[in-house]
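Here's the letter readout for the chains.
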Amino acid sequence: MSELTSAPRIRAAGPDDLDAVLAFWKTAAEGTSISDDRSGVERLVARDPEALILAERDGELAGTVIAGFDGWRCHLYRLAVHPDHRRQGVATALLAAAEERFTALGGRRADAMVLQRNETAHHAWGAAGYAPEERWRRWVKPLTG
């Protein structure tokens, strides 16, 4: 197996990673979130230090996923893989780590936030065994102006 296609190193993000994660999302993530700022990501890591999962190759950030568990439901956000590392198992490794986390916490089903317009993501999520759930819609209310 070449170094380029070797399994990525998977680990939880720490406070020292947050600026790199925010910069990474500008390159690798589709769209932006209201929480894509330093204080938002700091709150996430402070509240649940294992939720923000990173994939690294050669010391460089290759992918992220947020695996949030509220004690009842398992939620996946911000699955993002750098364009140079796509289709090389990074997303698969991140989702496996997230699902292992959920199972260890007692989770029974994971749901993912996926943009409707992101066809590339649809293929990746489908390949990982996820499918759209058409019976429900997400209803949103911004809490800040």
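Note that the structure is predicted; figures quoted are calculated from it, not measured. (Residues numbered from 1 in each chain as written. Predicted model: local features only at pLDDT ≥ 70, side-chain atom pairs only at ≥ 80, totals over all residues. Heavy atoms only, no water.)

Novice: I would appreciate a short explanation of the side chain of Thr 64 in the present structure.
Specialist: Within the secondary structure layout, Thr 64 lies in strand β3 (residues 60-69). The class of Thr 64 is buried, set by a relative accessible area of 0%. At a separation of 2.8 Å, a polar atom in the side chain of Thr 64 contacts the side chain of Trp 25. Sequence-distant contacts of Thr 64, defined by excluding residues within four places in its chain, comprise Phe 24, Trp 25, Leu 52, Ile 53, Leu 54, Arg 78, Leu 79, Ala 80 and Leu 94. (Helix = DSSP H or I, 4+ residues; strand = E, 2+ residues; numbered from the N terminus. Buried < 20%, exposed > 50% of the residue type's maximum accessible area, 1.4 Å probe, protein only. Polar contact = N/O pair within 3.5 Å; in protein donor to acceptor, adjacent residues only side chain to side chain. Contact = heavy atoms within 4.5 Å.)

Novice: Where do I start with the nonpolar core in this structure?
Specialist: Where a protein is soluble and globular, its nonpolar side chains tend to be buried together. Core analysis: the biggest nonpolar cluster contains 18 residues, and Ile 53, Val 65 and Leu 76 have the highest contact counts within it. Elements supplying a minimum of two residues to this core: β2 (52-57), β3, β4 (74-81), α3 (90-105) and α4 (119-127). No other element matches α3, which puts six residues into this core. Once you skip the residues sitting within four places of it in the chain, Leu 76 turns out to touch Val 65, Ile 66, Ala 67, Leu 95, Ala 98, Phe 102, Ala 110, Asp 111, Ala 112, Met 113, Trp 125 and Tyr 130. By size, the runner-up hydrophobic cluster in this structure holds 15 residues, among which are Phe 24, Trp 25, Val 45 and Ile 66. (Core = buried A, V, L, I, M, F, W, Y, C linked by side-chain atoms within 4.5 Å.)

Novice: Sorry, what's going on with helix α2 (residues 38-47) here?
Specialist: One full turn of an α-helix is made of 3.6 residues, so residues set three or four places apart face in the same direction. Looking at α2, one finds that the buried residues are Gly 40, Val 41 and Val 45. With its buried residues spanning 125° around the axis, α2 presents them on a single face. For α2, the exposed residues lying more than 90 degrees away from the buried face are Arg 43, Ala 46 and Arg 47. (Arc of directions from axis to C-beta.)

Novice: Just checking my understanding: could you explain α3 for this structure?
Specialist: Here α3 is 16 residues long and its end C-alpha atoms lie 23 Å apart, about the 22 Å a rise of 1.5 Å per residue gives. Among the residues making up α3, those that are buried are Val 90, Leu 94, Leu 95, Ala 97, Ala 98, Arg 101 and Phe 102. One side of α3 holds all its buried residues, which, seen down the axis, span an arc of 155°. With respect to the buried face of α3, the exposed residues turned more than 90 degrees away are Thr 92, Glu 100, Thr 103 and Ala 104. Buried residues along α3 sit in contact with β1 (9-12), β2, β3, β4, β5 (110-112) and α4. (Expected span 1.5 Å × (residues − 1).)

Novice: Help me understand the pattern of salt bridges, please; the structure alone is not making it clear to me.
Specialist: When their charged atoms lie close together, side chains carrying opposite charge are able to pair. Scanning the model with the defined rule gives nine salt bridges in all. A salt bridge links Arg 9 to Glu 56; its shortest N-O distance comes to 2.6 Å. Of this pair, Arg 9 sits in strand β1 while Glu 56 sits in strand β2, placing them 47 residues apart in sequence. We classify Glu 56 as buried; its relative accessible area is 13%. Each member of the salt-bridge network shares a partner with another, and the members are Arg 9, Arg 11, Asp 17 and Glu 56. (Salt bridge = Lys/Arg side-chain N within 4 Å of Asp/Glu carboxyl O.)

Novice: So what exactly am I meant to see when it comes to the sheet that holds β4 here?
Specialist: The strands making up a sheet associate through backbone hydrogen bonding, with each pair oriented either parallel or antiparallel. The mixed open sheet is built from five strands, whose spatial order is β1-β2-β3-β4-β5. Since the sheet does not close on itself, it has two edges, and those belong to β1 and β5, each with one partner. Going across the sheet, the axis of each strand differs from the next one's by a mean of 25°, ignoring polarity. Of the strands in this sheet, β1, β2, β3, β4 and β5 are in contact with α3, which crosses β3 at around 30°. (Pairing = 2+ DSSP bridges. Axes fitted to C-alpha atoms, helices over the stretch in contact; angles between N-to-C directions.)

Bear in mind that shape data such as this cannot, by itself, settle questions of function.
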